[in-house]
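Each chain is listed here by its residues.
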Amino acid sequence: MNNTIVAYLLLRIAVGASMFGHGLVRLPKLHGFSQWMVGTFEKSMLPKVLVLPFSYILPIAEFSIGLFLILGLFTQQTLIAGIIVMIFLVFGSCTIEEWGAVPSQLMHAAFFAMLLLFINHNQLTIKSLLTGK
């Protein structure tokens with residue numbers, strides 16, 4: 001087994017675990033998370049009509065992106081979705097001047113981009129294990 005393929009697998013799973021964990025802990029308290037997020041953005045330039053639906057979508061997106069990355073399903077689409085989520089999070093953090101969150105969000109975006117750039121090494125997935133391809 002090629003070290004590059006193993007390294008890709010481990011990085012994909014690590015990034016997936018981060019996203020999965022973010023979503024997993026927020027889903028059981030989805031309404032409370034939404035209320036917290038809407039309250040946090042009250043004084044931002046973003047209208048509540050945008051923040052409220054995003055606050056419910058975010059944990060589901062994080063959970064799904066994480067799960068798909070861990071399993072290696074729809075990897076290219078999932079990585080693109082992950083970068084888009086990070087773009088929204090970076091923008092949102094900037095609107096409330098939450099500068100401490102931005103480096104972590106940018107780091108996630110960089111890992112998504114790195115995985116997308118080297119996607120040809122994505123050879124160890126659930127699909128490849130089931131089909132032998």
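You'll find the structure just up there.
First, a word on what this report is: a plain description of the structure on this page. All values derive from a computational prediction rather than experimental measurement. (Residues numbered from 1 in each chain as written. Predicted model: local features only at pLDDT ≥ 70, side-chain atom pairs only at ≥ 80, totals over all residues. Heavy atoms only, no water.)

Quick word on the pattern of salt bridges
Any two side chains of opposite charge can pair, so long as their charged atoms come close to each other. Across all of its chains, the model carries 1 salt bridge by this definition. Across the pair R26 and E62 runs a salt bridge whose closest N-O atoms are separated by 2.8 Å. Placement of R26 in helix α1 (residues 3-26) and of E62 in helix α3 (residues 48-71) is noted, with a sequence separation of 36 residues between them. (Salt bridge = Lys/Arg side-chain N within 4 Å of Asp/Glu carboxyl O. Helix = DSSP H or I, 4+ residues; strand = E, 2+ residues; numbered from the N terminus.)

Examining the packing of aromatic side chains
Aromatic ring pairs: the centre-centre distance and the angle between the two ring planes describe each pair. The full count for this structure, using the stated rule, is 4 aromatic pairs. Ring centres of F54 and F88 lie 6.0 Å apart, and the angle between their planes is 55°; on these two criteria the pair is classed as tilted. Here the residue F54 occupies a position in helix α3, and F88 occupies one in helix α4 (residues 75-95), the gap between them amounting to 34 residues. Accessibility expressed as a relative area gives 23% for F54, which makes it partly exposed. (Phe/Tyr/Trp six-rings, centres within 6.5 Å; stacked < 30°, edge-to-face > 60°. Buried < 20%, exposed > 50% of the residue type's maximum accessible area, 1.4 Å probe, protein only.)

Thoughts on the layout of surface pockets
Within this model, the largest pocket holds a volume of roughly 630 Å³. Along its surface, the largest pocket is lined by 27 residues, and M37, L58, L89, S93 and Q105 are the ones closest to its centre. Mapped onto the lining of the largest pocket, the elements with two or more residues apiece are α1, α2 (30-40), α3, α4 and α5 (102-117). Considered class by class, the residues forming the lining of the largest pocket number 17 nonpolar, 7 polar and 3 charged. (1 Å grid on protein atoms, 1.4 Å probe; cavity = no way out; pocket = protein on both sides within 12 Å on 5 of 7 lines; lining within 4 Å. Points joined across faces, edges and corners; volume = space filled by probe spheres on them. Nonpolar A, V, L, I, M, F, W, Y, C, P; charged D, E, K, R; others polar.)

Quick word on the packing of α1 against α3
Two numbers describe how α1 lies on α3: the axes approach to 7 Å, and their chain directions differ by 150°. As summarised for this structure, α1 and α3 are arranged roughly antiparallel, according to the angle between their axes. Crossing geometry of α1 relative to α3 is assigned as left-handed. For the pair α1 and α3, the contacting residues are R12, I13, V15, G16, A17, M19, F20, H22, G23, L24 and R26 in the first and L58, P59, E62, F63, I65, G66, L67, L69, I70 and L71 in the second. Broken down by class, the residue content of the contact of α1 with α3 amounts to 14 nonpolar, 4 polar and 3 charged. (Axes fitted to C-alpha atoms, helices over the stretch in contact; angles between N-to-C directions. Parallel < 35°, antiparallel > 145°, perpendicular 65-115°, else oblique. Left-handed = near helix turned anticlockwise from the far one by under 90°. Contact = heavy atoms within 4.5 Å.)

Scope: geometric values only; no functional claims are made or implied.
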